Amino acid sequence: MATTCVKRAFKYRFDPTDAQAAEPSRTFGCVRKVYNLALAARTEAWARQERVNYNATSAMLTAWKKSEELAYLNDVSSVPLQQCLRHLQTAFTNFFGKRAKYPRFKSRKKSRKSAEYTTSGFRFRDGRLTLAKMAEPLDIVWSRPLPEGVSPSTVTVSQDAAGRWFVSLLCDDPSVKPLPATGAAVGVDVGLDHLLTLSTGEKIANPRHERRDRTRLARAQRNLAKKAKGDGANRRKARRKVAKVHARIADRRRDGLHKLTTRLVRENQTIVIEDLTVRNMVKNHTLARAISDAAWAEFRSLLEYKATWYGREVIAADRFFPSSRLCSACGALAERMPLSVRTWTCDCGVTHDRDVNAAKNLLAAGLAVSVCGAGVRPQRSTPGGRSAMKQKHPRREP
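Each residue is numbered by its place in its chain's sequence as written, counting from 1. Per-residue local features are limited, in this predicted model, to residues with pLDDT of at least 70; the limit for side-chain atom pairs, both in listing and counting, is 80 or more; totals at the level of whole chains, interfaces and linings are taken over all residues. Side-chain measures were taken over the full set of non-hydrogen atoms in the model, leaving aside hydrogen atoms and water.

1. What to know about the UniProt feature "domain: Transposase putative helix-turn-helix" (unreviewed entry) in the chain
- UniProt positions are given in the numbering used here, feature names are shortened, and annotations may be inferred rather than shown by experiment. Residues annotated by UniProt as "domain: Transposase putative helix-turn-helix" (unreviewed entry) correspond here to residues 6-50.
- Annotated as 67% helix and 18% strand, the span residues 6-50 places its first and last C-alpha atoms 38 Å apart. Numbering of helices and strands runs from the N terminus, with a helix taken as a DSSP run of H or I at least four residues long and a strand as a DSSP run of E at least two residues long.

2. Focus: the sheet that holds strand β2 (residues 113-118)
- DSSP calls a pair of strands paired once it identifies at least 2 bridges connecting them. Read from one edge to the other, the open sheet built from four strands follows the order β1-β6-β5-β2, with strand pairing classed as antiparallel. Only two strands of the sheet have a single partner each, and these edge strands are β1 (6-13) and β2. Between one strand and the next, the sheet's axes are offset by a mean angle of 20°, whatever the strand orientation.
- Alignment of β1 against strand β6 (residues 165-173), held across eight bridges, turns out to be antiparallel. Bridging from a neighbouring strand, V6 pairs with D173 of β6. All axes here are fitted lines through C-alpha atoms, helices being fitted over the stretch that makes contact, and every angle between N-to-C directions spans 0 to 180 degrees.

3. Details of the UniProt feature "domain: Cas12f1-like TNB" (unreviewed entry) in the chain
- Per the UniProt annotation, the sites labelled "domain: Cas12f1-like TNB" (unreviewed entry) are residues 296-362.
- Along residues 296-362 the backbone is 34% helical and 16% strand, and the end-to-end C-alpha distance reaches 16 Å.

4. Here's the deal with helix α1 (residues 18-47)
- If you check α1, its first and last C-alpha atoms are 44 Å apart, about what 30 residues at 1.5 Å a residue would give, namely 44 Å.
- Once α1 ends, the next one or two residues include Q49, with phi positive near 60°. Multiply 1.5 Å by the residue count of a helix minus one, and that product is the helix's expected span.

5. Remarks on the nonpolar core
- The nonpolar core is taken to be a set of buried Ala, Val, Leu, Ile, Met, Phe, Trp, Tyr and Cys residues, with the residues joined through side-chain atoms within 4.5 Å. Three exposure classes are used, based on accessible area relative to the maximum for each residue type with a 1.4 Å probe and protein chains only: buried under 20%, partly exposed in between, and exposed over 50%. Core analysis: the biggest nonpolar cluster contains 39 residues, and L129, V157, V167 and L169 have the highest contact counts within it.
- Counting residues per element, this core draws most heavily on α1, which supplies eight residues.
- The contact definition used throughout considers only heavy atoms, calling two residues in contact when any of these lie within 4.5 Å. Those residues within four positions of L129 in sequence are excluded, and the remaining contacts are F122, R123, F124, P137, L138, I140, V155, V167 and L169.
- By size, the runner-up hydrophobic cluster in this structure holds 28 residues, among which are V188, L198, V278 and A294.

6. Quick look at the environment of V350
- Position of V350 among the secondary structure elements: in the loop between β12 (343-345) and β13 (351-353).
- The exposure class of V350 is partly exposed, given its relative accessible area of 31%.

7. Topic: the packing of aromatic side chains
- Note on aromatic contacts: the rings of Phe and Tyr and the six-membered ring of Trp form a pair at centre separations within 6.5 Å, being stacked when their planes are under 30 degrees apart, edge-to-face when over 60 apart, and tilted otherwise. Enumeration over the complete set of coordinates arrives at 13 aromatic pairs.
- Their ring planes at 85° and their centres at 5.8 Å tell us that W46 and F96 sit as a pair that is edge-to-face. In this pair, W46 sits in helix α1 while F96 sits in helix α3 (residues 78-96), placing the two residues 50 residues apart along the sequence.
- An aromatic cluster is present here, built from W46, F92, F95, F96 and Y102 joined pairwise through their rings.
- The residue whose ring lies beneath R42 is F92, and the NZ or CZ to ring-centre distance is 4.2 Å. By definition here, charges over rings are those cases where NZ of Lys or CZ of Arg is within 6 Å of the ring centre and within 35 degrees of the ring normal.

8. Concerning the side chain of R300
- Mapped onto the elements of the fold, R300 is located in helix α9 (residues 296-309).
- For R300, a relative accessible area of 15% translates into the label buried.
- A distance of 2.7 Å separates polar atoms of two side chains, one belonging to R300 and the other to E304. The definition of a polar contact used here is a pair of N or O atoms within 3.5 Å, where within protein one atom must be able to donate a hydrogen and the other to accept one, and adjacent residues in sequence count solely through side-chain atom pairs.

9. Things to note about a positive patch on the surface
- A cluster of basic residues, R108, K109, K113, K237, R239, R240, K241 and K244, forms a positive patch on the protein surface.
- Looking at the positive patch, the element that brings in the most residues is helix α6 (residues 233-267), giving five residues.
- On the secondary structure map, R108 appears in the loop between α3 and β2. Here the term patch refers to residues with relative accessible area over 30% and no salt bridge, with like charges joined within 9 Å and nonpolar side chains (Val, Leu, Ile, Met, Phe, Trp, Tyr) within 5 Å. Each accessible area value is a Shrake-Rupley result obtained with a 1.4 Å probe; residue values ignore everything except the protein chains displayed when judging cover. Throughout this description, the term salt bridge denotes a Lys or Arg side-chain nitrogen within 4 Å of a carboxyl oxygen of Asp or Glu. A positive count includes Lys and Arg, and a negative count includes Asp and Glu. His and the chain ends are not counted in either. Charged groups are reduced to one reference atom each: NZ for lysine, CZ for arginine, CG for aspartic acid, CD for glutamic acid.

10. Describing the packing of α1 against helix α2 (residues 54-66)
- Where α1 meets α2, the axes come as close as 10 Å, and the angle between the chain directions of the two elements is 125°. The angle between α1 and α2 falls in the class oblique. Between α1 and α2 the crossing geometry is right-handed. Contact residues: V34, L37, A38, A41 and R42 in α1; Y54, T57, M60, L61 and W64 in α2.
- Residue polarity is assigned by list, with Asp, Glu, Lys and Arg as charged and Ala, Val, Leu, Ile, Met, Phe, Trp, Tyr, Cys and Pro as nonpolar; anything else, Gly included, falls into the polar class. For the contact of α1 with α2, a count of residues per class yields eight nonpolar, one polar and one charged. Here is the rule for angles: anything less than 35 degrees is roughly parallel, anything more than 145 is roughly antiparallel, 65 through 115 is roughly perpendicular, and the remaining ranges are oblique. Left-handed is the label given to a crossing in which the near helix is rotated counterclockwise from the far helix by less than a right angle, and right-handed is the label when the rotation is clockwise.

11. A few points about α3
- The end-to-end C-alpha separation of α3 is 28 Å, in line with the 27 Å expected for 19 residues at 1.5 Å each.
- Those residues of α3 not exposed but buried are V79, P80, L81, Q82, Q83, C84, L85, L88 and F92.
- Along its buried surface, α3 packs onto α1, α2 and β2.
- Two or three places before V79, at the start of α3, stands the capping residue S77, its side-chain oxygen 3.3 Å from that residue's backbone nitrogen.
- Of the residues trailing α3, K98 is marked for its positive phi of about 60°.

Written out as structure tokens, the structure is:
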């Protein structure tokens, strides 16, 4: 199998000095301002049925810098400002390609604080990173080494809602190579009682990270609700405490999913999952909190890009495939299967665990797709006439 070098982002925490923190903070505001100005210009031009592309907005940026009102744009590096215009161009390309919604304006309070630097906007020497407009290198916590002999092509500086500073270095990682082929295959059924149930019969417990910190989160949110409305210092402190609890939950959840998906990719050549529409499922207000805490969409995203890296195959079953109602022993289809039914006995006499049976059916359907060949849909259909499976070609760029 031909291999190409994988672009991989390495993310680290860093502790800036007051002067170092001031520079990216100004840059975040300028990036947001330029993005919104360019989006407004392109929206107005579109209403006039005129075409404005990246080159046109880049020329606008030069004019904005010369104006008295926006002269402060000259105080920060021009590289992140140009990059945000490129990101806007990508957003419009995805919109016209019907892959995304129309780009939205960036909010000062809610939008992600980040700035992207290309090679002309930073200096990386002997493991020390210095950004444009800065005199001293960043104090980075190197929690893991970069690939030997590799320099970053892009650096992204960001600050989350909890006030933590991060730097992400995009590098070519020659260590990511396809794993040795294995004949193992597994079906994976996601759930709430158990996070995952495998076709082997193994059940992986749901850690319920949000529930474990729910009391702490509720206390912080009550404290925030008592603060006077506005942008006062006390309200900012209370808001940051809430963000720290959310960050703690998200960090633990992401760490657990990374370990779990890495294990599945290393042990199996083919992994069959269900094509769930999580966005629609969270509209059920009774289960929305639990579904969000389980992070099924993030699990699938991690699984797909790791499978692409290491030469594995991920197949997604059609969401209407009756994996829970289908007997994995004889193929009979039960008429009804409420969520309250956790075990059931088929007419053939076999007693099934609902989740294990679903995982086995997913695996069988996935193997049928593999036998047919990549991209080939099997002939078996659900009672509604829909295809039981669809081949998944990961789109995520690592």
